[in-house]
Amino acid sequence: MNLYPLAEIGIAFIPILLFLAALQLFDSFKLVNLQSLMVTLLVGGAVAALAIFINATVSYWLQISYSTFLRFVAPFIEEALKIVYVVILVRANRVGFMVDAAIYGFAVGAGFAIVENTYYLNVLTEAGLSTWFVRGFGTAVMHGGTTAAAAIIIKNLAHRKNWGIGMLFIPGYAAASLLHMLYNLFILPPITLTLIILITLPPLVYAIFKASEEQTQQWLGTGLDNEMEMLQTLLAGNIADTRIGRYIKSIQDNFPDYMMADIIGYIRIYLELAVKAKGMLIMKESGIDPPIDEETKAQFRELRFLEQSIGPTGKLALQPLLKIGRTDLWQL
């Protein structure tokens, strides 16, 4: 039995999948579930198929050599296509923390690399194992790494800036494209580049994970304390002389009485759900995956009803009190 084709396939696909599995394993909170991961891999694969078609079309249209196209044009096309899905996830508040952005970004790149390597396995039929070592351990991991880097940049910008999709896209896209182009220039021999990636990427990813976990722990601690304090004050009933009461009194002249009742109801349910969400995150970090009970589902339905009732103006009025950011919206 000829094991050579099996070796090629193993080297082409296994490294990127192992790296993605390691990212998922090291994530303490396990907020990117298996279903989301599989969907993201499929999206990355579909993007790769589209990129192969677009690259061939643009290359023919530009009438330049394949090596020039590969170095200076292909990285910008491929990274643009890969990053679109990440931006959509961030804008839809489906990405909570930096580590989640890294996993989603790497998964898109992994799906892309799997389909691209499948294509080259059929095209480069005479290539040796050294070629597949470079493509499996180098190029494939590069695809995951550049998109993960872009995703981290996009997530951090979305957390700090209220920018539109276009402005979120550009910095991450520029960084990923330049890294990709630098790799494709082959300033060093391909095997040397591959070894550099294998040596530098794991500690870099570890540093990102540690920073993200520290950020998450800080957010959990300070956020939970503040929300518990506000919720206890609200449930105590006598809020007239409290910070919540004073703020509600300051805005009540701008809203009719029936809407003020809905605003107070919205504050209460939002705080209850926010406390539950942080408690569930702490449980997930301990390896417990609690189910969503019917009472929580009912609270979500009531929150959506009250959100429609108070409208955008009411939500805007609550912003100074609840300080609802992207991370807080994502937790719900």
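Residues numbered from 1 in each chain as written. Predicted model: local features only at pLDDT ≥ 70, side-chain atom pairs only at ≥ 80, totals over all residues. Heavy atoms only, no water.

Caption draft 1: Region of the structure containing the pattern of salt bridges. A full pass over the atoms with the stated rule returns five salt bridges. With a shortest N-O distance of 2.7 Å, Glu116 and Arg135 are connected by a salt bridge. Taken together, the residues Glu116 in helix H5 (residues 98–123) and Arg135 in helix H6 (residues 129–160) connect sequence positions 19 residues apart. Residues Glu116 and Arg135 agree in their burial class; the two are buried. (Salt bridge = Lys/Arg side-chain N within 4 Å of Asp/Glu carboxyl O. Helix = DSSP H or I, 4+ residues; strand = E, 2+ residues; numbered from the N terminus. Buried < 20%, exposed > 50% of the residue type's maximum accessible area, 1.4 Å probe, protein only.)

Caption draft 2: Molecular detail of the confidence of the model for the protein chain. Taken as a whole, the protein chain shows an average pLDDT of 83; of its residues, 91% reach a score of 70 or greater. The secondary structure element of the protein chain with the lowest average pLDDT is helix H12 (residues 326–331), at 61, and the one with the highest is helix H2 (residues 34–62), at 95. (pLDDT = per-residue confidence, 0-100.)

Caption draft 3: Structural view of a nonpolar patch on the surface. A cluster of nonpolar residues, Leu182, Ile187, Leu188 and Ile196, forms a patch on the protein surface that exposes about 360 Å² of accessible area. Note on placement: Leu182 falls in helix H7 (residues 165–184). (Patch = residues over 30% accessible without salt bridge, like charges linked within 9 Å, V, L, I, M, F, W, Y side chains within 5 Å. Areas by Shrake-Rupley, 256 points an atom, 1.4 Å probe, with all protein chains shown as cover.)

Caption draft 4: Inspection of the environment of Leu303 at higher detail. In this fold, Leu303 is placed in helix H11 (residues 294–322). For the pair Leu303 and His159, spaced 144 residues apart in the sequence, the C-alpha separation amounts to 23 Å.

Caption draft 5: Layout of helix H10 (residues 257–285). In this model, H10 (29 residues) spans 43 Å end to end at C-alpha, consistent with the 42 Å of a helix rising 1.5 Å per residue. Once H10 finishes, Gly287 follows within two positions and takes phi at roughly 90°, a positive value. (Expected span 1.5 Å × (residues − 1).)

Caption draft 6: Fine view of helix H9 (residues 243–251). All of the buried residues along H9 are Ile244, Gly245, Ile248 and Ile251. Seen from one end, H9 has its buried residues packed into an arc of 135°, which puts them on one side. Those residues of H9 that are exposed and angled more than 90 degrees off the buried face are Arg246 and Lys249. (Arc of directions from axis to C-beta.)

Caption draft 7: Region of the structure containing the packing of aromatic side chains. Tallied over the full model, the rule gives seven aromatic pairs. Ring centres of Phe169 and Tyr173 lie 5.0 Å apart, and the angle between their planes is 25°; this geometry places the pair in the stacked category. In this pair, Phe169 and Tyr173 both sit in helix H7, four residues apart, roughly one turn of the helix. Members of the aromatic cluster, joined through ring pairs, are Phe76, Phe169 and Tyr173. In this arrangement the basic side chain of Lys82 is found over the ring face of Phe112, its NZ or CZ atom lying 5.4 Å from the centre. (Phe/Tyr/Trp six-rings, centres within 6.5 Å; stacked < 30°, edge-to-face > 60°. Lys NZ or Arg CZ within 6 Å of the ring centre and 35° of its normal.)

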